[in-house]
Amino acid sequence: MQALHTTTTSEPVATVCNSPKYHIDNLHLRLPQDPLDVDAWRRLADEVEKSGKSELIRTTYDALLKKYPDNPSVQIRYINHFLNDRKTFPEAEHLFQRFLKVTSPSVNLYTSYLEYIRYIHTGVDTQSQRIIRKAYDFAIKSIGGDKNSGNIWCDYIAFLKSGEISLSTSEEQQKIVRKAYQRALQTPLDNIDKIWRDYESFEFHVNRSTAREFLNNMLPAYTQARSVGRDLANHLDALYLEVPLTANSKLEISLPTVPSFTISERQLVGKWKNYLKWEESNPLKIEEERKTDFHTRIQIAYKKAFVRMRFYPEIWFMAYHWMDSVGRPKEAIAILKTGLEANPSSFLLTFAYVEVLEVMKNHAQAHAIYEQFLQLQKASIVELHGRVDEEKPSKHSPLTRKDYALVYITYMRFVRRTEGVEASRSLFRKARRDMYASWEIYAAGAIMEYHHSRNQVIATRIFEADAHALFERVISTLPAEESRTIWECWACYQHQYGDLSRRKKSTKGWRRYTPVVRPVVVLCL
């Protein structure tokens, strides 16, 4: 796309440079260079909204959601554009359905959805009221366990108490309202004390003689939820979660950043781990018959973590492990795959995924993943070397040859288990020819031969080949004055264990860098 400043125009330069199209074009040029530039994405969203062009807004927000899937702040901003005009309500409804098809972790998104449903179904006819109640039931089931869903509960209960639903008797209505109160009071909501006071008023208004019995029966659950709510607040306050929307407030787009492994980032991921483990411990003591509610609660917690901590593989692995532990392997695998889409260079997630594929006997797919991962890591090494050559320090943790070797070693072990020792040897030979292979690959190959084929001769030869390759790689990178010690060690090794041709070659090289001529046999004593 050609930026505006490269074209001829009769407009003043200042006007052109301040136009939305100028900024949009420049941002479109900037993002391909760094697709995870959160500042550029925010500015682009602001600029396309200023343009007012619906098609441009669609393509931009769809591209943004492709890069940051299921991000609630992006989804809400996207929908809001189509809520400004009744003519575009059908598109807004389509987006609501699209984003809520899979349970969202965002109270704000469900709140916006309920406001929309109540706005377009303002009538008091039975059909409208059924649609509204169905929407509330859906929201409560999906997000009602969230600490910030208290206002949704209050609105839901108020709707039930209003009598705007088709019920045969007032007694039936009272039972439905009571059940809603009791469900809410078992949840650590931010406004649970208000709901308790409202519940007291409700029971005394219905029947003063039975009110105390109902209240006493609910008191333990309310007390438990209230106590857990305090612990929950302590966990969540440090996690920078979404802020509940207020009237007429504009939602800021919140995007996760790629970690640079600062102390504060490490502390944050530690706090998330502690919170997620706390949720898994079932602090609300939810009983077995409500297991579905318990699982939904934990899934919501992990979905919040995915939004905020998208580029932290350990969070995805925790979710995978938990989902697998509760007997939901298909969903666990889906989490691994989604985590890898966000973190394609993660060793943790890659190795976990190929283990799953091995268990499933999907060896062809496992091979493909290993080969793809090797290419990805090799590209990272090449990029790192380029930055070093240009003397540009990396913001991220450098990938080392040792890390690269780990991929080959794990791959070799997989091949040995699934195809046998000979296939593993073939992969080892391929690894030896790789210019980025390090000594760890040789050591792993030798140890594998020793333990699995019981062939000490081959194991010894591998160690010797490793030593020779390592020496030749290192000695060529050192200036003469720094290489003497290494030459002495190598000459000594060849004198004791090498064949005659290698002994002569190493001695010749050693004498070139050693000013004091001594027999190699003396050096090695």
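The protein goes by mRNA 3'-end-processing protein RNA14 in an unreviewed UniProt entry, where it is assigned to Lentinula lateritia.

A. Expanded view of the packing of aromatic side chains. Under the criterion given, the structure shown has 33 aromatic pairs. Ring geometry for Y61 and Y78: centres 5.2 Å apart, planes at 15°, overall stacked. You can see Y61 sitting in helix 4 (residues 54-67) and its partner Y78 sitting in helix 5 (residues 72-81), a full 17 residues away along the chain. Y61 gets classed as buried once you look at its relative accessible area, which sits at 0%. Centroid distance Y181 to Y199: 5.3 Å. Interplanar angle 45°. Geometry classified as tilted. Placement of the pair is Y181 in helix 10 (residues 170-184) and Y199 in helix 11 (residues 192-206), with a sequence separation of 18 residues. The pair Y181 / Y199 is uniform in exposure class, with both members buried. Note that R178 overlies the ring of F214, its terminal NZ or CZ placed 4.0 Å from the centroid.

B. Geometry of the layout of surface pockets. Of the pockets and cavities examined, the second largest pocket occupies roughly 1100 Å³. Lining the second largest pocket we find 45 residues, and of these G144, G145, D293, T296 and R297 sit closest to its centre. Listed by contribution, the elements that provide at least two residues to the lining of the second largest pocket are helix 8 (126-143), helix 12 (208-236), helix 13 (263-280) and helix 14 (291-308). In terms of residue count, the dominant contributor to the lining of the second largest pocket is helix 14 (nine residues). Per-class residue counts for the lining of the second largest pocket are 17 nonpolar, eleven polar and 17 charged.

C. Main features of the environment of Y436. Topologically, Y436 is positioned in the loop between helix 20 (421-432) and helix 21 (439-453). Using a relative accessible area of 10% as the deciding quantity, one classes Y436 as buried. Y436 sits 55 residues away from I381 along the chain, and the two C-alpha atoms are 8.4 Å apart. Those residues in contact with Y436 that lie beyond four places of it in its chain are K378, I381, V382, H385, R401 and Y404.

D. Structural view of the pattern of salt bridges. By the definition in use, this model includes 22 salt bridges. The salt bridge involving R77 is made with D46; its shortest N-O contact spans 2.8 Å. Here R77 is found in helix 5, whereas its partner D46 is found in helix 3 (residues 38-51), with 31 residues between them in sequence. Of the residues examined, R77 reaches a relative accessible area of 5% and is grouped as buried. Three or more residues are tied together by salt bridges with common partners; here these are R30, D37 and D39.

E. Representation of helix 3 in the model. Helix length check: helix 3, at 14 residues, gives a terminal C-alpha distance of 20 Å against a target of 20 Å (1.5 Å per residue), a fit within 8%. When helix 3 is considered as a whole, its buried residues turn out to be V38, A40, W41, L44, A45, E47 and V48. N-cap assignment for helix 3: the residue whose side-chain oxygen lies 3.2 Å from the backbone N of D39 is D37.

F. How the structure looks around the environment of R432. Residue placement: R432 occurs in helix 20. Residue classification places R432 among the partly exposed residues on the basis of a relative accessible area of 43%. Residues R432 and Y442, spaced ten residues apart in sequence, show a C-alpha to C-alpha distance of 7.8 Å.

G. The arrangement of the confidence of the model for the protein in detail. Across the protein, the average pLDDT comes to 84, with 76% of residues at 70 or higher. Across residues 1-16, confidence stays below pLDDT 50; counting only partners more than four residues off in sequence or on other chains, it has 18 contacts. This model gives residues 392-398 a pLDDT under 50, and the stretch forms eight contacts once residues within four places in sequence are excluded.

Calculation criteria
Residues numbered from 1 in each chain as written. Predicted model: local features only at pLDDT ≥ 70, side-chain atom pairs only at ≥ 80, totals over all residues. Heavy atoms only, no water. Phe/Tyr/Trp six-rings, centres within 6.5 Å; stacked < 30°, edge-to-face > 60°. Helix = DSSP H or I, 4+ residues; strand = E, 2+ residues; numbered from the N terminus. Buried < 20%, exposed > 50% of the residue type's maximum accessible area, 1.4 Å probe, protein only. Lys NZ or Arg CZ within 6 Å of the ring centre and 35° of its normal. 1 Å grid on protein atoms, 1.4 Å probe; cavity = no way out; pocket = protein on both sides within 12 Å on 5 of 7 lines; lining within 4 Å. Points joined across faces, edges and corners; volume = space filled by probe spheres on them. Nonpolar A, V, L, I, M, F, W, Y, C, P; charged D, E, K, R; others polar. Contact = heavy atoms within 4.5 Å. Salt bridge = Lys/Arg side-chain N within 4 Å of Asp/Glu carboxyl O. Expected span 1.5 Å × (residues − 1). Polar contact = N/O pair within 3.5 Å; in protein donor to acceptor, adjacent residues only side chain to side chain. pLDDT = per-residue confidence, 0-100.

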